[in-house]
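One-letter residues, chain by chain:
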Amino acid sequence: IQTMASGINSSLIHTLRLCGNSLTKFPALQYSNFSNSLVLLDLSNNRISDLPVGITVLSRLEQLDLRLNLLSAVPSEICQMMGLRHLLLSHNKIT
């Protein structure tokens with residue numbers, strides 16, 4: 001997945017599940033298009049090794065599921081996401 005299809009109105013998407021797709025990089029989403037709508041982002045069971053700082057613009061995000069990936073760290077900026085209630089990170093390489 002490189003980009004979202006141009007005909008999709010991303011401001012209406014509340015839940016985005018991209019789990020189990022063998023993604024190696026965080027999807028190149030236009031974060032600002034989702035900033036006022038996305039509440040749940042499920043990227044579990046992929047091969048993602050880095051979490052971009054740009055994700056912090058998702059101000060309405062309440063649940064971020066990154067279980068079963070290859071993350072070794074999470075950027076400190078994630079703490080700026082005041083609405084985030086559930087950050088799921090089990091089964092990664094975080095020590």
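Cut-offs and rules
- Residues numbered from 1 in each chain as written.
- Predicted model: local features only at pLDDT ≥ 70, side-chain atom pairs only at ≥ 80, totals over all residues.
- Heavy atoms only, no water.
- Core = buried A, V, L, I, M, F, W, Y, C linked by side-chain atoms within 4.5 Å.
- Buried < 20%, exposed > 50% of the residue type's maximum accessible area, 1.4 Å probe, protein only.
- Contact = heavy atoms within 4.5 Å.
- Helix = DSSP H or I, 4+ residues; strand = E, 2+ residues; numbered from the N terminus.
- Pairing = 2+ DSSP bridges.
- Axes fitted to C-alpha atoms, helices over the stretch in contact; angles between N-to-C directions.
- Polar contact = N/O pair within 3.5 Å; in protein donor to acceptor, adjacent residues only side chain to side chain.

(A) Examining the nonpolar core more closely. Core analysis: the largest hydrophobic core is formed by 21 residues, its most contacted members being Phe26, Leu41, Ile55 and Leu58. If near-sequence neighbours (up to four positions away) are discounted, phenylalanine 26 is found in contact with Tyr31, Leu41, Leu43, Ile48, Asp50, Leu51, Pro52, Ile55 and Leu66.

(B) Up close: the environment of methionine 81. By secondary structure assignment, the location of methionine 81 is in the loop between strand 3 (63-65) and strand 4 (86-88). Owing to a relative accessible area of 7%, methionine 81 belongs among the buried residues under this scheme. With 21 residues separating them in the primary sequence, methionine 81 and arginine 60 have C-alpha atoms 8.4 Å apart. Setting aside anything within four residues of it in sequence, one finds methionine 81 in contact with Ile55, Thr56, Leu58 and Leu61.

(C) Region of interest: the side chain of aspartate 65. Counting through the fold element by element, aspartate 65 comes out in strand 3. Every residue in contact with aspartate 65, bar those within four places of it in the chain, is listed here: Leu41, Asp42, Leu43, Ser44 and Leu88.

(D) Inspection of the sheet that holds strand 1 (residues 15-17) at higher detail. Strand order in this open sheet of four strands is 1-2-3-4, and the pairing throughout is parallel. In the strand order of this sheet, the two ends are held by strand 1 and strand 4, each with one partner. Taking the axes of each pair of neighbouring strands and ignoring which way they run, one obtains an average angle of 0° across the sheet.

(E) Up close: the side chain of asparagine 92. Inspection of the secondary structure assignment puts asparagine 92 in the segment after strand 4. Looking at asparagine 92, its side chain comes within polar contact range of the main-chain oxygen of leucine 66, at 3.0 Å. Setting aside chain neighbours within four positions, we find asparagine 92 in contact with Leu66, Arg67, Leu68, Asn69, Leu70 and Leu71.

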